[in-house]
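Inside the fold
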Amino acid sequence: MSGSESEDGGDPSLAHGKETPVETAIWRLRSRACWADAAALLAPRAHEPAAALERASLLIERCLYTEQGWADAEEALRAAEAVATGDEERGAAACERGYLAYASTLLRVRDRADEARMALGRAAALISPSAAGRPLLDYRRGLVAQNLGDSPQAARAAYRRAHAGATAQDDRLLLSSTWRHLAGLALREGELAEARNGFAESLRIREELGYLVGTAPALTALADTETEPEAGRLRAEARRLFRLLGGVPTWLAGQLTPRTAM
């Protein structure tokens, strides 16, 4: 399992809807934890709202996975907010602000929970229910409900809306995340078979897309629903990818430490 090819041997970047060499390069860099390099490819177009927003999104994702680069992400986000025009673009920028505040709070850099809720609420007022950005917004509101608000019922409802929207839009990367988080809630409630299925779907999609940076967490989550020796095999593969990417995501380190026999 290399994570670098789709099942049919095709280019996973194209499978994720990339149409130009630059888009493909950005996706490949992102999937291999090279967010700064990916963002640099967008710098010449930073005056364009879509490019500015994508650049900010990449740097915010780097914060979540590495716990570093907060100032760069904030600067890029402010630039995106400055060039946004129209409700949809301003709503998308607010969604990114909410996500940055969420990441800061989750990783205990600085408590910005109120800012996260306010920004995502503003995004919800600006992004119409049928807009392309709505499923992502629903997903992130689910994250806040689950991890900052300890409200699994609200989180499940938001994840289900996001899952339905991602399915309708064929957003496979988002689907991999909604599968994983719905599975996590199922596992919390003791629904082992449902959790295993959801984690397996999440892993399958991420492997098909070649999303290496998100594959180790998916492997680890699935391992929690399996028995030995399969659980050990999954964790060993997750450790291999974790080392390959230089210890990213940082918050996975504790889960991948080999267990010492008692």
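Computed from a prediction, not measured in an experiment: that's the story for all the values here. (Residues numbered from 1 in each chain as written. Predicted model: local features only at pLDDT ≥ 70, side-chain atom pairs only at ≥ 80, totals over all residues. Heavy atoms only, no water.)

The next point concerns the overall build of the chain. Scanning the chain for helices and strands turns up 13 helices and 0 strands. Along the chain, helices (α) and strands (β) appear in the sequence α-α-α-α-α-α-α-α-α-α-α-α-α when read from the amino end. In terms of overall dimensions, the chain is globule-like: its C-alpha atoms have a radius of gyration of 18 Å, near the 18 Å expected for 262 residues. Considered along the principal axes of its C-alpha atoms, the chain spans approximately 55 × 40 × 35 Å. When each of the 262 residues of the chain is scored for burial, the buried share is 49%. Counting only carbon and sulfur atoms, one obtains 51% of the accessible surface of the chain, whose full area is about 12500 Å². Side-chain charges of the chain comprise 33 positive and 37 negative groups, with the mean position of each set lying 4 Å from the other. (Helix = DSSP H or I, 4+ residues; strand = E, 2+ residues; numbered from the N terminus. Rg over C-alpha atoms; globule rule 2.2 N^0.38 Å. Buried < 20%, exposed > 50% of the residue type's maximum accessible area, 1.4 Å probe, protein only. Areas by Shrake-Rupley, 256 points an atom, 1.4 Å probe, with all protein chains shown as cover. Lys, Arg positive; Asp, Glu negative; His and termini not counted. Charge placed at Lys NZ, Arg CZ, Asp CG, Glu CD.)

Two elements in contact, helix 8 (residues 134–147) and helix 9 (residues 152–169), have axes separated by 8 Å at closest approach and are oriented at 160 degrees. Classified by the angle their axes make, helix 8 and helix 9 are roughly antiparallel. The element helix 8 and its partner helix 9 pack so that their crossing is left-handed. Of helix 9, the residues touching helix 8 (which contributes P135, D138, Y139, R141, G142, L143, A145 and Q146) are A154, A155, A158, Y159, R161, A162, G165, A166 and Q169. (Axes fitted to C-alpha atoms, helices over the stretch in contact; angles between N-to-C directions. Parallel < 35°, antiparallel > 145°, perpendicular 65-115°, else oblique. Left-handed = near helix turned anticlockwise from the far one by under 90°. Contact = heavy atoms within 4.5 Å.)

Attention shifts here to unusual backbone geometry. In this model, E228 is joined to P229 through a cis peptide bond whose omega is 10 degrees. Its place among the elements puts P229 in the loop between helix 12 (215–223) and helix 13 (230–244). For the bond from V248 to P249, the omega torsion is 0 degrees, close enough to zero to count as cis. For A33, which is not glycine, the phi torsion reads 70 degrees and is therefore positive.

At a minimum axis distance of 7 Å, the contact between helix 2 (residues 21–31) and helix 3 (residues 35–42) shows a crossing angle of 160 degrees. In terms of orientation, helix 2 and helix 3 fall into the roughly antiparallel class. For the pair helix 2 and helix 3, the crossing hand works out as left-handed. Contact with helix 2, carried on its side by A25, I26, L29 and R30, involves W35, D37, A38, L41 and L42 of helix 3 and no other residues of that element.

Tallied over the full model, the rule gives 0 disulfides. Here C34 stays free of any disulfide, with the sulfur of C63 as its closest cysteine sulfur at 16 Å. For C34, a relative accessible area of 28% puts it in the partly exposed group. Looking at C95, it has no disulfide partner, and the nearest cysteine sulfur is the one in C63, 15 Å off. Exposure remark for C95: the relative accessible area of 3% places this residue in the buried category. (Disulfide = S-S within 2.5 Å.)

Per-residue pLDDT for the chain has a mean of 92; in total, 91% of the residues score no lower than 70. Long-range and interchain partners of residues 1–10, a stretch whose pLDDT sits below 50, account for 19 contacts in this model, where long-range means more than four residues apart. (pLDDT = per-residue confidence, 0-100.)

This part takes up the environment of H47. Examined against the element boundaries, H47 turns out to sit in the loop between helix 3 and helix 4 (49–66). In this structure the C-alpha to C-alpha distance between H47 and P249, which are 202 residues apart in sequence, comes to 30 Å.

Bringing helix 3 into the picture now. If you check which residues of helix 3 are buried, you get W35, A38, A39 and L42. Each buried residue of helix 3 lies within a common arc of 100 degrees when the element is viewed along its axis, so the set occupies one face. Buried residues along helix 3 sit in contact with helix 2 and helix 4. (Arc of directions from axis to C-beta.)

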